[in-house]
Every structure is written in structure tokens, then in C-alpha cells.
Amino acid sequence: MAKEHRSRCPVPRGTLLIIGGAENKGEEQAKKKHTPSDFERFEILKDFRKLLGKKEPRIEVVTTASSEGDELFKDYVKAFGELGMRHVGHIHHDSRKAALDDEAMLDRIRDLDGIFFAGGDQLKYTSIYGGTPFLTLLKERYIYEEIVVAGTSAGAMAMSTPMIYAGNDEVQELGGMIKVTTGLEFLKDVCIDTHFVHRGRVVRMAQVIVTNPGCVGIGIEEDTAIIIRNGIEGQVVGTGTIIVLEGFDITETSIEDFTNEKPLTIRNLKMHILSADDEYRIPRRNPPHV
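Note that the coordinates shown come from a computational prediction; the quantities given were computed from them, not determined experimentally.

Draft legend 1. Here's a closer look at the overall build of the protein. Of the regular secondary structure elements, the protein holds 9 helices and 18 strands. Relative to the 2.2 N^0.38 estimate, which gives 19 Å for 290 residues, the radius of gyration of the protein is 19 Å and therefore close to what a compact globule would have. Expressed as lengths along the three principal axes of its C-alpha atoms, the size of the protein is roughly 55 × 55 × 35 Å. Here the protein, with 290 residues, has 50% of them falling under the buried criterion. Within the protein, counting contacts between residues at least 6 apart in sequence, those at least 24 apart form 74% of the total. Summing over all exposed atoms, the protein offers an accessible surface of approximately 14,200 Å²; the carbon and sulfur share of this is 47%. Of note, the protein has its 37 positive side-chain charges centred 4 Å away from the centre of its 45 negative side-chain charges.

Written as C-alpha cells, this is what we have:
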């Protein structure tokens, strides 16, 4: 019976592209390729184009998390246009009610080949789209069809659960100061953080893992991404590094005295540092179930 139930759990046919933010959109002033960490023109957006696998893909750019959605959309239209993508739609909602009332958007979700969640405030994505027909339809298509779901910065962080929504570098060392909630759950038992090396967010992620040791933390640097196939098979692309934290073997923490008055302590937290073409298979310590 156990084997029968395991076989019923669907493996996603879609692909995730999870970007650490600040991906190059074609800026001419991008750093020259002198060192491995220098940005390349369109480095990550070219990967998005390749993953779509069609000559004339239909994509939607979601800017709901941003207070400057129209301007952000224009930047992506220009960038995707230079990469030969001309069918680019725009999704932006200022309220949950607007998202619930937007039935016309669902037809576009049924027709798209890829969707791109832009940056901003990840809490807007979860509070506006959580439990909506939009998200249900998109996740059904991700599970059963070959589409690409991409996100950058806040759009990347929203893909995971748990999802960080508050707590910066000024408080990350103090116990209990990092706030998490449920994300959009394209990845479960995985926490995504972005701008990771550039903004020094290792301790912030460690706080999430020490309170959720059954989860994996994936911190992604700018202009860098991880491609997730079959729900768990990761491949690093881009110009920077990805840092993975695993808490399965943690032996000692200060969780018993986890206040905001003293820094946290963790022993035997495991770390991987990965770069372009490296692979990482997300561990499954929590079997999927209904």
C-alpha cells in the first residue's frame, strides 16, 4: 500500500528558474567578464529563453510585488524583445479583490509557456495570490504540463515555503528576529533567499533552518539562478554562487533561549557552496502526503 501511494504523487513536469536578483537585462554598463563573479549581458534571461524551448513563446511578467509595476514591465519587455520574445503580457494587481475578479487573466494563464515573477515585496505575492484561482491554475499547469515558472528577488523568495518576509542584516544574528510565513509552495520544505552573498544573508538563512531543521536553505547570489527540474533536481547557472544550508545533522542550538537579546548558536550546520553547472538534488526528508 505504501508503494502504491508513493507512485500516485505526481512529479512536476514544469521547470522552475529561481533567480537571486539583479539579473542583467542587457545593460551596456554591465561589468566586463574579467572574474567569475562579473555579470554577463543577458546571462540569466538567456537561460529563461532556452528553457521555454519554443520559437515564439508566450510569457507573462508579474509585477504585483512592485510599487513601480509599469516601469519594471517596460524593462522586461525591452530585454525579452532583444532576446526574440515578442509575446509578453503584463499581470499586476494592487489588491486581492482585483486578482479574484480578474477572470480574463485565467485564459492567459492557460495559454502561456512561461511566467516571470519580478521583484519587490514577496509578502504582496503571498497575500494577494495565495488560495486564488490564478495560483491554483498556475500550479496545476506546473505539475502536469511543461511550462517554465521563473522568479527573481522577491519573486524567487515567494516560490518557497517557508518564506522569509522580514529581518535584515542588522538583526539577523539575534534570535527570533527573522520572520517567516507560507510562500507560494512551488517548493516545499525549501527556503529561498536572494542577493545572498552581496547582502551577507547567511546568518539570516541559518535562523530559518535552526527553527525548521527539516528544511533546506538555498541562498542565491545576484545574476545567478538554480534551475529545478522534476521538482527536486537542481542545476546552477549564472555568474555567482549558491550557498545551500542543511540542518538535518544539527546537534546543538540556542533555541531553548531563543530571544532577541543574544545571538544564536548552531553546531553542525552543513553548508555547500555551488557555482555554474554544479548540481544539487533537494533531499526529501518529509514524504509528500495528503
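Draft legend 2. Region of the structure containing the environment of Lys-74. Along the chain, the position of Lys-74 falls in helix 3 (residues 69-82). On the basis of relative accessible area, Lys-74 is assigned to the exposed category, the value being 52%.

Draft legend 3. Structural view of the sheet that holds strand 2 (residues 58-62). Taken together, the 8 strands give an open sheet; going across it, the order is 3-2-4-5-1-12-13-18, and neighbouring strands pair in mixed fashion. Edge positions in the sheet fall to strand 3 (87-91) and strand 18 (279-281), since each of these pairs with one other strand and no more. Mean inter-strand twist for the sheet, computed between neighbouring axes without regard to direction, equals 20°. Pairing between strand 1 (residues 15-19) and strand 12 (residues 224-229): 5 bridges, direction antiparallel. Bridge pairing in strand 12 links Ile-19 to Ala-225. Where helix 2 (residues 43-52) meets the sheet, its contacts fall on strand 1, strand 2, strand 4 (114-117), strand 5 (148-152), strand 12 and strand 13 (233-238), and the angle it forms with strand 1 comes to roughly 175°. Relative to the sheet, helix 3 contacts strand 2, strand 3, strand 4 and strand 5, its axis offset from that of strand 3 by approximately 165°.

Rules used in this analysis
Residues numbered from 1 in each chain as written. Predicted model: local features only at pLDDT ≥ 70, side-chain atom pairs only at ≥ 80, totals over all residues. Heavy atoms only, no water. Helix = DSSP H or I, 4+ residues; strand = E, 2+ residues; numbered from the N terminus. Rg over C-alpha atoms; globule rule 2.2 N^0.38 Å. Buried < 20%, exposed > 50% of the residue type's maximum accessible area, 1.4 Å probe, protein only. Contact = heavy atoms within 4.5 Å. Areas by Shrake-Rupley, 256 points an atom, 1.4 Å probe, with all protein chains shown as cover. Lys, Arg positive; Asp, Glu negative; His and termini not counted. Charge placed at Lys NZ, Arg CZ, Asp CG, Glu CD. Pairing = 2+ DSSP bridges. Axes fitted to C-alpha atoms, helices over the stretch in contact; angles between N-to-C directions.

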